[in-house]
Amino acid sequence: MVHELTCREAGYDCDFMIRSESEDQLIEMVQQHAKETHDKEMSREDVQGLVKTV
Ligand SMILES: [Zn+2]
């Protein structure tokens, strides 16, 4: 099972997209992207709410 998140679906005008088999890794990378690019702190729960599994 692969976890996927796109910034666009999260409501940002941003082409960031990430896919990972590791949810922990995906959450960490999304948190880093959100902070660096959108100046937004996301909790683990915030990220999990946006992740799709494909
Ligand atoms: Zn983004």
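Residues numbered from 1 in each chain as written. Predicted model: local features only at pLDDT ≥ 70, side-chain atom pairs only at ≥ 80, totals over all residues. Heavy atoms only, no water.

A. Quick look at the pattern of salt bridges. Considering all chains together, one arrives at 7 salt bridges under this definition. Among the ionic pairs, D13 bridges to R8, the shortest N-O distance being 3.1 Å. A salt bridge links K35 to E41; its shortest N-O distance comes to 3.1 Å. Shared partners join several salt bridges into a network, and the residues in it are E4, E9, R19 and K52. (Salt bridge = Lys/Arg side-chain N within 4 Å of Asp/Glu carboxyl O.)

B. Local environment of the coordination of the zinc ion. Donor atoms from the polypeptide that bind the zinc ion are C7 (SG), C14 (SG), H33 (NE2) and H38 (NE2), placed at 2.0 to 2.3 Å. Around the zinc ion sit 4 donor atoms; with metal-centred angles ranging over 102 to 114°, the donor geometry is tetrahedral. Read from N- to C-terminus, the donor residues coordinating the zinc ion fall into the pattern C-x6-C-x18-H-x4-H. A residue pair is termed long-range when its members are at least 10 positions apart, and C7 in the loop between β1 (3–6) and β2 (17–20) and H33 in helix α1 (residues 23–38) qualify at 26 residues. Comparing C7 with H33, the two get one shared label, buried. (Donors = N, O, S within 2.8 Å, 3.2 Å for Na, K, Ca; no water. Tetrahedral: all angles 85-135°; square planar, octahedral: opposite > 155°, others 65-115°. Helix = DSSP H or I, 4+ residues; strand = E, 2+ residues; numbered from the N terminus. Buried < 20%, exposed > 50% of the residue type's maximum accessible area, 1.4 Å probe, protein only.)

C. Representation of the environment of L50. Within the secondary structure, L50 is located in the loop between α2 (44–48) and β3 (52–53). A relative accessible area of 32% places L50 in the partly exposed class. Residues L50 and L5 lie 45 residues apart in sequence; the distance between their C-alpha atoms is 6.5 Å. Apart from the residues within four sequence positions on either side, L50 is in contact with E4, L5, A10 and M42. (Contact = heavy atoms within 4.5 Å.)

D. A look at α1. Between the first and last C-alpha of α1 there are 21 Å, a value that for 16 residues agrees with the 22 Å anticipated at 1.5 Å per step. Taken together, the buried positions of α1 are occupied by L26, I27, V30, H33 and A34. Taken around the axis of α1, the buried residues stretch over an arc of 130°, which confines them to a single face. In α1, the exposed residues that point more than 90 degrees away from the buried face are E28 and E36. Of the surrounding secondary structure, the elements contacted by the buried residues of α1 are β1, β2 and α2. Following α1 by one or two positions, D39 adopts a phi angle in the positive range, close to 50°. (Expected span 1.5 Å × (residues − 1). Arc of directions from axis to C-beta.)

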